[in-house]
Amino acid sequence: MSILSEPHFHNEAAAYARLEAIVWPNGPYCPRCGGFDRITPVKGGRVGLRRCGPCKREFTVKVGTVFEDSKVGLHLWFQAAHLMASSKKGISAHQLHRTLKVTYKTAWFMEHRLREAMRDGHFAAPLGGKGKAVEIDETFVGGKEKNKHASKRQHLGTGGVGKEAVFSLVERGGKVRSHHIPAVTAVNLRPIVEAQIHGATYVMTDEGGAARKVGSEFAKHGSVNHSAGEYVRGDVHTNTIEGYFSVFKRGIYGTYHHVSQQHLKRYLAEFDFRYNERAALGIDDGARTNRALRGIVGKRLTYRSTGQTASHLHGS
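What counts as what
- Every chain is numbered independently, its residues counted from 1 as its sequence is written.
- Two thresholds apply to this predicted model, a pLDDT of at least 70 for residue-level local features and 80 or more for giving and counting side-chain atom pairs, whereas whole-chain, interface and lining totals are computed over all residues.
- Only hydrogens and water are removed before side-chain values are computed, so all heavy atoms of the structure are retained for them.
- Think of a nonpolar core as a cluster: buried Ala, Val, Leu, Ile, Met, Phe, Trp, Tyr and Cys residues, connected wherever their side-chain atoms sit within 4.5 Å.
- Each residue is assigned to one of three classes by its accessible area relative to the maximum for its type, calculated with a 1.4 Å probe on protein chains only: buried under 20%, partly exposed between the two thresholds, exposed over 50%.
- Runs of E in the DSSP output that reach at least two residues are strands. Runs of H or I that reach at least four are helices, and both are numbered from the N terminus.
- We call two residues in contact whenever any of their non-hydrogen atoms come within 4.5 Å of each other.
- Here pLDDT means the predictor's own confidence in every residue, given as a number from 0 to 100.
- In this analysis, the expected span of each helix is defined as 1.5 Å times one less than the number of residues it contains.
- Any two cysteine sulfur atoms lying within 2.5 Å of each other are counted as a disulfide.

A word on the nonpolar core
- Core analysis: the biggest nonpolar cluster contains 37 residues, and Leu-19, Phe-67, Leu-74, Phe-78, Leu-114, Leu-293 and Ile-296 have the highest contact counts within it.
- At the level of secondary structure, the elements contributing two or more residues to this core comprise α1 (12-23), α2 (74-86), α3 (93-100), α4 (104-118) and α9 (285-294).
- By residue number, the principal contributor to this core is α2, which donates 8 residues.
- Aside from chain neighbours lying at most four places away, what touches Leu-114 is Phe-67, Trp-77, Ala-80, Ala-81, Met-84 and Leu-293.

Comments concerning the confidence of the model for the protein
- With 88% of its residues at a pLDDT of 70 or more, the protein has an overall mean of 90.
- Mean pLDDT across the secondary structure elements of the protein bottoms out at helix α6 (residues 209-215), with 93, and peaks at α2, with 98.
- With pLDDT under 50 throughout, residues 308-316 is counted as low confidence; its partners more than four residues away or in other chains account for 27 contacts.

Things to note about helix α7 (residues 239-256)
- Between its first and last C-alpha atoms α7 spans 24 Å; for 18 residues at 1.5 Å apiece the expected length is 26 Å, and the two agree.
- Each element contacted by the buried residues of α7 is listed here: α4, β4 (133-141), β5 (164-171), β6 (176-181) and α8 (264-276).
- Two residues or fewer past α7, His-257 is found with a positive phi of approximately 70°.

Details of the environment of Ala-287
- Residue placement: Ala-287 occurs in helix α9.
- Put simply, Ala-287 and Ala-85 are 202 residues apart on the chain and 9.4 Å apart in space, counted from C-alpha to C-alpha.

Observations concerning unusual backbone geometry
- One non-glycine residue, Arg-38, adopts positive backbone phi at about 50°.
- Take Arg-38: it is sitting in the loop between α1 and β1 (39-41).
- Although it is not a glycine, Lys-56 adopts a positive phi angle of roughly 70°.

Brief notes about the state of the cysteines
- On inspection of all chains with the given rule, the structure shows 0 disulfides.
- Note on Cys-33: no disulfide assigned, nearest cysteine sulfur contributed by Cys-52 at a separation of 3.6 Å.
- Residue Cys-52 stays outside any disulfide, its sulfur separated by 3.6 Å from that of Cys-55, the closest cysteine.
- Accessibility expressed as a relative area gives 0% for Cys-52, which makes it buried.

Put into C-alpha cells, the structure is as follows:
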C-alpha cells in the first residue's frame, strides 16, 4: 500500500490527530497561557477545536505554528510536507500546485512555511571535536554571466561575480550548516567558523583563499589543491562538502531554476534539513516528515512578511 494512502493524507480528523501527536507528545496544552489543565474538545465545534479551562480560550494545534490562520486543509499540509521531505532535490511550487490542486500562489507560500519549519533556529553545539573532521567550502548561486542580457552582464569569466555566495560546514558522518553570506572573505567566514566548529576539530579545506586562511587558524588543518589536480591526500579531502553542493545545485538549477537573494536562506534550510535527516543516518521519509513538522511550533510566516507579491515569485 502506498504511504500516501495513510488516513492523515486524506482525512482532516486524522490529520489533526496526527499533528497533535507530533506537536503535543505529552498531551494538549494551551498555546495562549501554556496550561495543561482542563483542555477539552469543543462539542459541535470544527475539527480539532479545543478549549482551555483556566483562560477560557479556544484553539487548535495550529495556533502558534507556521500553519496558523492557513485556510488550506491540514491533510494537504501533510501531503506537501511529505513531498518536500522525501524529494532529495526538492519539489517546485508549480509541481506542488498541480499535484495538490491549489493555486500557484498558495503552493509557493506553503513551501516557504515548510522551509521555515525545517530551519534550525539555533545550533545547540559546535560541529566536530577531538578526532572528528569538518570540511568547509564556499559555492556560488546564480546564472552565468554570458547568459545574461548585455546590460546586466558584469564580465565574461567564471567565479562569483554577479552571484550569491554560500558558505557551508559539513561534519563527516554528521550534519551540515549553510549560510548565505554577502561575500567570501575571511572577515565574514571567521565568526561563523569560530562559533560553529569545535577548537579540537580537524578542519579540511581546498586551496580557496578565505576558507583556507580561516581553516589554517585551527591546530589541525589540512587542504588539497584542486587547481593542481589534487583531490585526496590520505584522509584530507573536501569530497563530502562537494557532494552536498552537488545535490544543492542540482536542486536549485534543475528543480527551482531561480532563487531570489531574499529567499536563498530558506532554500538552504530546506537542503540542510534533508541532508541532516538523511537515510544514511537511519531516517526514512516518514520520520523525516515528522521531524520537519515538529519544527512548526513557535514560528510564524505571513504572506506579507515574505516581502514579495505573487508576480515576483519563482520556482517552476
